[in-house]
Amino acid sequence: MSTPAARHAELTALINEHRRRYYDEDAPTISDGEFDALMRELIAIEDGHPELVSLDSPTQHVGGYAAATFAPVTHREPMYSLDNVFSREEFEAWAARATAQISAAELTASGLLCEVKIDGLALDLVYEHGLLVSAATRGDGRVGEDVTGNVATIASIPRQLRGDVPDIVEVRGEVFMKTADFEALNVEMAALRDAEAAQAAAKGNPAPKKRYLFANPRNAAAGSLRQKDPNVTASRKLSFYCHGLGEVTGGIGFARQSDGYDVLASFGLPVSPYSKVVNSVDEVWEFISSYGGELRHKLEHEIDGAVIKVNDRELQRRLGETSRAPRWAIAYKYPPEEVTTKLLDIQTGVGRTGRVTPYAVMQPVKVAGSVVAMATLHNESEVRRKGVLIGDTVIIRKAGDVIPEVVGPVVEDRDGTERAFEMPTRCPACGSELRPEKEDDADIRCPNQRSCPAQLRERLIYLASRAALDIEVLGEKTADALLAAGVLGDEGDLFDLTEADLLRVPEFVASSGANKGNLTKTGVALIANIQAAKAKPFARFLTALSIRHIGKGTAPDVARAFGSIAALRAASFEELSGVEGIGPTLAESIIEWFKVDWHNEIVAKWQAAGAMADTAEPGDGGAEIPQTLAGLTVVVTGSLPGYTRDQASDAITSRGGKAAGSVSAKTDFVVVGENAGSKYDKAVALKRPILDAAGFETLLRDGAAAAMEVAKDS
């Protein structure tokens, strides 16, 4: 068993090597979360064995070391890193340590400045009499790299400050690449790579050195900033936000750091709009939670946490710093959304529309709070673009609730045993020859739409989803069991299923006890669920039919306009495309869908079984329901008595309104139930009319004018 001293030495060497790769080469081989775990283990060892702490320990240094390719620059004041916390308990422990040195009353009066933690590259700017004279990376916190020439090409960093500026002002901030700019850069690099390869092949020359795409915006920003040719940096769209100050001489006065940001903005320096001053731990946690949730992926750039600072500068001075980090600030790190793991294989799956998609089979790894073993690779072109090989160590990304995806390979870890993926030419489920739907289509599809077992399975699962008919018991396992037993020829048979049919499915037959030989509780529930689904609104059936481009968002528009499947089938292209919310693409898709005989057979079977009545009924978005919400956009947040989330959405759309998922300046009403989230805060910030549960009923019944009379001031 390793001794603490031996493990300390091992961790020190490992962390220093990963720092070198991250800071100096911009080529990390582990994720931020894995690096944080190594640091936390080292800190824990030093807490228990303080005699192991030395000046060369990674815990006593900041960041990486200045690269040899750039001249060293000594910062006027040390450029500290931040200590990290990973839970509310750890954050509260930090706050308790702070209030042990200053009073809780002083901390409350100061306020806590909350900011998003940009996932970029720290930068130190020095202005003398308003003129930019130096720009340097963090380096080891005292000595960084001179990148002045490259920084001069970043449009958001002014070369000359405006207004009454100090003699010297040292500004700290973050260089980053916006998500949209990062994606555009990788597309450009992939195109350049392919063009170079084609040109070399045409001339009979060996393939040029492979260009690998950037794994994430942080690496793209760091690599772009460290280019030897400033023209290359200028061609990359880098951005910058200030988040602090170093040395200031010649006088600018402000007592609070948040006021300092206003001063920097007045000089023409860019300041992040994503910050807020709060006065309690609960409010800090609300900020952390909101940006760690739905807001995280709506920002213009990537973040990996939140930063909380004591706002009063005098209190900052009293709290001071350790050898590597200020005691008056802390970084809350979100669970990692990028990790590395082994790509064991690339296999293919068939979706409900026949699209054949490659996906990665990986060594299971925890990312963004859940364990994943598979990730999407989209299509064959994307596999080539990303340059991944079977056997690679790969970077996996999971953003929020999005299906995890492979970002790219860790090329440095290759040992020569890796192999390329080859797309199949026949459907892995039914053996049909695969082909693109259109000549220039990047996707290939299985043409056996009706009989391909994989497509039928996916259509069954989709029509039972919450977005469609919400048949709770009909999930993946149930669909597999029904198809394996042969009780369904296609989805048209669903509403004809009887108890006798389910008794032919082993999974639904009780094998022991008093109920032996009869339906299980799950089987009984499935019959009940299917019967209840027959009365679902017409819009839900439109979604369930898997007509291309009709989903939960567009189905209510179609249902409102036509009200029945017969009217929809009879509509011309001009009638369809003239309806708001449909348009020519969807109109063409609807017409093409009805041209397929077996699609019409599905409709006929459902109607014969008493599902999806052929005329508009109350609840389907037809004319019988007063259109009290016509033209209105409504957002519901929190739980409302008497409504599930889908029922509230149906209530809005069936009355002509749009049920939106996010609050904006164009939102007409925000309905707030119990346990409302950050949407309520945004509604207040944007001064949108807010309704409670009773106000929602007024809106549904009487419309906007009546609802405005009971709306709460925002």
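One can find the structure itself at the top, above this paragraph.
About the thresholds
- Residues numbered from 1 in each chain as written.
- Predicted model: local features only at pLDDT ≥ 70, side-chain atom pairs only at ≥ 80, totals over all residues.
- Heavy atoms only, no water.
- Axes fitted to C-alpha atoms, helices over the stretch in contact; angles between N-to-C directions.
- Helix = DSSP H or I, 4+ residues; strand = E, 2+ residues; numbered from the N terminus.
- Parallel < 35°, antiparallel > 145°, perpendicular 65-115°, else oblique.
- Left-handed = near helix turned anticlockwise from the far one by under 90°.
- Contact = heavy atoms within 4.5 Å.
- Nonpolar A, V, L, I, M, F, W, Y, C, P; charged D, E, K, R; others polar.
- Core = buried A, V, L, I, M, F, W, Y, C linked by side-chain atoms within 4.5 Å.
- Buried < 20%, exposed > 50% of the residue type's maximum accessible area, 1.4 Å probe, protein only.
- Salt bridge = Lys/Arg side-chain N within 4 Å of Asp/Glu carboxyl O.
- Phe/Tyr/Trp six-rings, centres within 6.5 Å; stacked < 30°, edge-to-face > 60°.
- Pairing = 2+ DSSP bridges.

1. Here we look at the packing of helix α13 (residues 453-463) against helix α14 (residues 476-485)
Helix-helix packing is characterised by the crossing angle of the two axes and by the distance between the axes.
Then comes step 1: Contact geometry of α13 with α14 gives a least axis separation of 9 Å together with a crossing angle of 135°. As judged from the angle between their axes, α13 and α14 are oblique. Our pair here, α13 against α14, has a crossing hand that is right-handed. Note on element contacts: α14 touches α13 through E476, A479, D480 and L483, opposite P453, L456, R457, L460 and I461.
Then comes step 2: For the contact of α13 with α14, the class distribution of residues is six nonpolar, no polar and three charged.

2. As for the nonpolar core
Then comes step 1: Core analysis: the largest hydrophobic core is formed by 55 residues, its most contacted members being I471, L482, F495 and W606.
Then comes step 2: Of all the secondary structure elements, the ones that give two or more residues to this core are α13, α14, α16 (521-533), α17 (538-544), α18 (555-562), α19 (565-570), α21 (583-594) and α22 (597-608).
Then comes step 3: Look past the residues within four positions of I471 in its chain and what remains in contact with it is L463, A464, L494, L526, N529, I530 and A533.
Then comes step 4: In terms of nonpolar packing, the next biggest core, distinct from the first, is built from 37 residues, L161, V165, L238 and I252 among them.

3. Some remarks on the pattern of salt bridges
Then comes step 1: Counted under the stated rule, the structure contains 35 salt bridges.
Then comes step 2: Among the salt bridges present, the one from R226 reaches E145, with a minimum N-O distance of 2.9 Å. You can see R226 sitting in the loop between α7 (217-225) and α8 (230-235) and its partner E145 sitting in strand β6 (residues 143-145), a full 81 residues away along the chain.
Then comes step 3: Residue R226 is classed as buried on the basis of its relative accessible area of 11%.
Then comes step 4: The salt bridge partner of R397 is E302, with a shortest N-O separation of 2.9 Å. Here the residue R397 occupies a position in strand β15 (residues 393-397), and E302 occupies one in the loop between α10 (281-292) and β10 (303-310), the gap between them amounting to 95 residues.
Then comes step 5: Among the residues examined, R397 registers a relative accessible area of 17% and is labelled buried.

4. Points about the packing of aromatic side chains
Then comes step 1: Inspection of the entire model under this criterion finds 11 aromatic pairs.
Then comes step 2: Between the aromatic rings of F176 and Y241, the centroid separation amounts to 5.3 Å while the plane-to-plane angle is 35°, which identifies the pairing as tilted. Remark: Y241 occurs in strand β8 (residues 239-249) and F176 occurs in strand β7 (residues 168-176); sequence separation between them is 65 residues.
Then comes step 3: For the ring pair F541 and W606, a centre distance of 5.8 Å and an interplane angle of 65° mean the geometry is edge-to-face. Of the two residues, F541 is situated in helix α17 and W606 in helix α22; the sequence distance between them amounts to 65 residues. We note that F541, like W606, is buried.

5. Some details on the packing of helix α3 (residues 88-101) against α10
Then comes step 1: Packing of α3 against α10 brings their axes to within 11 Å, and their N-to-C directions diverge by 140°. Regarding the angle of α3 to α10, the classification is oblique. Both α3 and α10 take part in a crossing whose hand is right-handed. Residues R88, F91, E92 and A95 of α3 touch α10, and the partners they reach there are V281, D282, V284 and W285.
Then comes step 2: Along the lines of polarity and charge, the residues of the contact of α3 with α10 split into five nonpolar, no polar and three charged.

6. Examining the sheet that holds strand β20 (residues 669-672)
Then comes step 1: The four strands lie next to each other as β19-β18-β20-β21, forming an open sheet whose pairing is parallel. Two strands close off the open sheet at either side, each with one partner strand: β19 (658-660) and β21 (690-691).
Then comes step 2: In the sheet, strand β18 (residues 633-637) pairs with β20 via four bridges, with the strands oriented parallel. Note on β20: the bridge partner recorded for V636 is V671.
Then comes step 3: Helix-sheet contacts for helix α24 (residues 678-685) involve β18, β20 and β21, and the interaxial angle to β18 is about 135°.

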